[in-house]
Every structure is written in structure tokens, then in C-alpha cells.
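# What the coordinates show
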Amino acid sequence: MGRALGGAPRARDCRGGLIRLPTHTCGVLVRLQRIWSFDSRNFRSMLLLSLGPKAWPRLSQFKPRILPRSREGEFLHAWSRNLSGQNQPRGPGLRTRLLITTLFGAGLGGAWMAAKAEKEQRQRQQRTEALRQAAVGQGDFSLLDHQGQPRCKADFRGQWVLIYFGFTHCPDICPDELEKLVQVVKQLEAEPYLPMVQPVFITVDPARDDVAAMARYVKDFHPRLLGLTGSTEQVAQVSRSYRVYYSAGPKDEDQDYIVDHSIAIYLLNPDGLFTDYYNRSRSAEQIADSVRRHMAAFHSILS
């Protein structure tokens, strides 16, 4: 620090440039240097402190030494910490922010899943109520199984039943739908905690599908698939009960013909009540999922 020609006292900053200092500032710094015996590096830091806010960012270039534990030293320590931002309140850390974000996202996801489940349950209840009002599968029936034993609706009480209407001379649709029905039964059989499902095939061509023809046909699909046939009147009665349309087409020169009929798989619950139906567009996995849901929600009205 020195005095320039014709001017106020001056000192060099950290970069060697001359800084004009007020006279009283130089006197204060000299006294401080004598009290604490600053070295040149600490002295330059104190000099920058005295120059005001514009020079304070340069303080980061210096690493001040530990000041003596005096009242003045404590004050300067606190002052330097405030200038460097060490005492400024800090926001939450990265881990805390991530945790908050994760919890918030999980809360939103849980609320969305709950709303979705509630909506699906409400839709299933509305569908079930609409199907009940359709009065499908009401009344009894009397048919013969593929072993010649008489069968009625009460024989299936206490069982879940999947029914398909078709005919044994069907070239493609009936075999495909029966194979899908069997896949559903096998999927549900693989889950031992679920009740057994009885697959049933009812013919809409009683003229050709007698007991023997039904026995030959059902054995190619599943050992528990039950084939049912009967007289023309008996088949017509059960078909009307389940709203099944069928009509025999014209015969060809070999007296063969195709029967046009509705394509659907019907689900009956253990009370013998029609519960749901599945058209051709539904896959085996979709039908199995639906049956599981009906099983989980079932409450008998007869017991």
C-alpha cells in the first residue's frame, strides 16, 4: 500500500491493479493488520471486503485462514459466511425431492387405478343387470346326453357351465368355437383354487346329430365335454330359451346341408342362471378372465 503522486492512498488488488482507497479505510486496515498479524493473502481479502458489494465476488479466490477467537474475529467469520451464502437456507436435497416426486406419482397412480377399478365394476354390474332383464336361459329343458342319459337343467345345479350351440357337420366355425371353449376350461382347470367348469355342446341339428353322432364328435375335444341332443321339439325349446337362432339350408345332391345359427358361448352360474355370453370375437383368454371375475363376485341366491 502506498501513496500515489497527487492523490489519495492507493493499494493493489488481488490482480496487481491500483485501487483508490479513502484515507480512513487505510487506517482501519492497518490497525486490523497489526491486531491480527494478517499475512498478505488475508490482508487482500479484508481489502476487498472494504470495497463494497462489487468487489465481494472476488473473495472466492482466497481461502481465509482461521481468525483468532475474539469478538472481532467472530464477527468477521459470521460476516464472511453471510457473504459467501453459507448461512443461507437450503432447499430440500436431491434425495428428498426424488422421494417426494415418487410418493406423489404413486399417489396419483393409485387414485387412477382405484377409479378405473370402480368404473369397471360399475360397468359389470350394469351389464349383469341388463342380462338378467333379457330373461335368457329361463325355464327347464329335457335332453339326452351323448351316453343316452336324460339330462335337465337341474342336473347342473351347483356347477359353472359353458354352453355352445352348433352341429356336428359344421365345417369350421363350430370346431373353432368348441376348441376355444375347451381352452377356457383348461385354463381354469390349471388353477386348482377355482371351481370346476362343465363344458356343454347342444346340437341345433337333431335330425343328424343323434346320441351316437354326438358321442363320436365330443370325444375329439375334451373328456368332460358333454353333448346334448333330443327331438326336434326339445331342441327348439332349449334354443328359444337361450335366444338361439338356427335354420337349416337347402340340401345338395348328397342330401347334405348347412345349418345357419347364432354363434355364442353362454355362461351359467351354480344357481343355474344365465350370467354372461361371449361372441365369436372374444378370445379364450378374455373369456377365462371374465369367468374368473364372475366366480369372484358370485353370491348364491338359492342358499
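Here, every reference points to the structure presented above.
Since the structure is predicted, the reported quantities are computational estimates derived from the model, not experimental observations.

### Points about the sheet that holds strand β4 (residues 142–145)
The strand order β5-β4-β8-β7-β6-β11-β12 describes an open sheet built from 7 strands, whose pairing is mixed. The open sheet has two edge strands with one neighbour each: β5 (150–152) and β12 (274–278). Adjacent strand axes in the sheet meet at a mean angle of 35° when their direction is disregarded. Where strand β6 (residues 160–166) meets strand β11 (residues 265–268), 4 bridges bridge the pair, whose relative direction is antiparallel. Considered in β11, the bridge of valine 161 is made with leucine 268. Here helix α6 (residues 211–218) sits on the sheet in contact with β4, β7 (197–203) and β8 (226–229), set at roughly 155° to β8.

### Some details on the pairing of β4
Going residue by residue along β4, you find Leu143 and Asp145 tucked away on one face and Ser142 and Leu144 left uncovered on the opposite face. As paired strands, β4 and β5 are joined by 3 bridges and run antiparallel to one another. By the bridge assignment, leucine 144 is partnered in β5 with proline 150. Count of turn residues in the β4/β5 antiparallel hairpin: 4 residues, of which glycine 148 carries a positive phi of about 85°. Across 2 bridges, β4 lies against β8 in antiparallel orientation. The residue of β8 that forms the bridge with aspartate 145 is leucine 228.

### Structural notes on the pattern of salt bridges
All chains considered together, the criterion is met by 7 salt bridges. Residue aspartate 289 pairs with arginine 292 through a salt bridge whose shortest N-O separation is 2.6 Å. Residue aspartate 289 and its partner arginine 292 are both found in helix α8 (residues 284–297); the two are separated by 3 residues, about one turn of the helix. You can call aspartate 289 partly exposed: its relative accessible area is 38%. A cluster of three or more residues bridged by salt bridges with shared partners is formed by Glu191, Asp289 and Arg292.

Conventions and cut-offs
- Residues numbered from 1 in each chain as written.
- Predicted model: local features only at pLDDT ≥ 70, side-chain atom pairs only at ≥ 80, totals over all residues.
- Heavy atoms only, no water.
- Pairing = 2+ DSSP bridges.
- Helix = DSSP H or I, 4+ residues; strand = E, 2+ residues; numbered from the N terminus.
- Axes fitted to C-alpha atoms, helices over the stretch in contact; angles between N-to-C directions.
- Contact = heavy atoms within 4.5 Å.
- Buried < 20%, exposed > 50% of the residue type's maximum accessible area, 1.4 Å probe, protein only.
- Salt bridge = Lys/Arg side-chain N within 4 Å of Asp/Glu carboxyl O.

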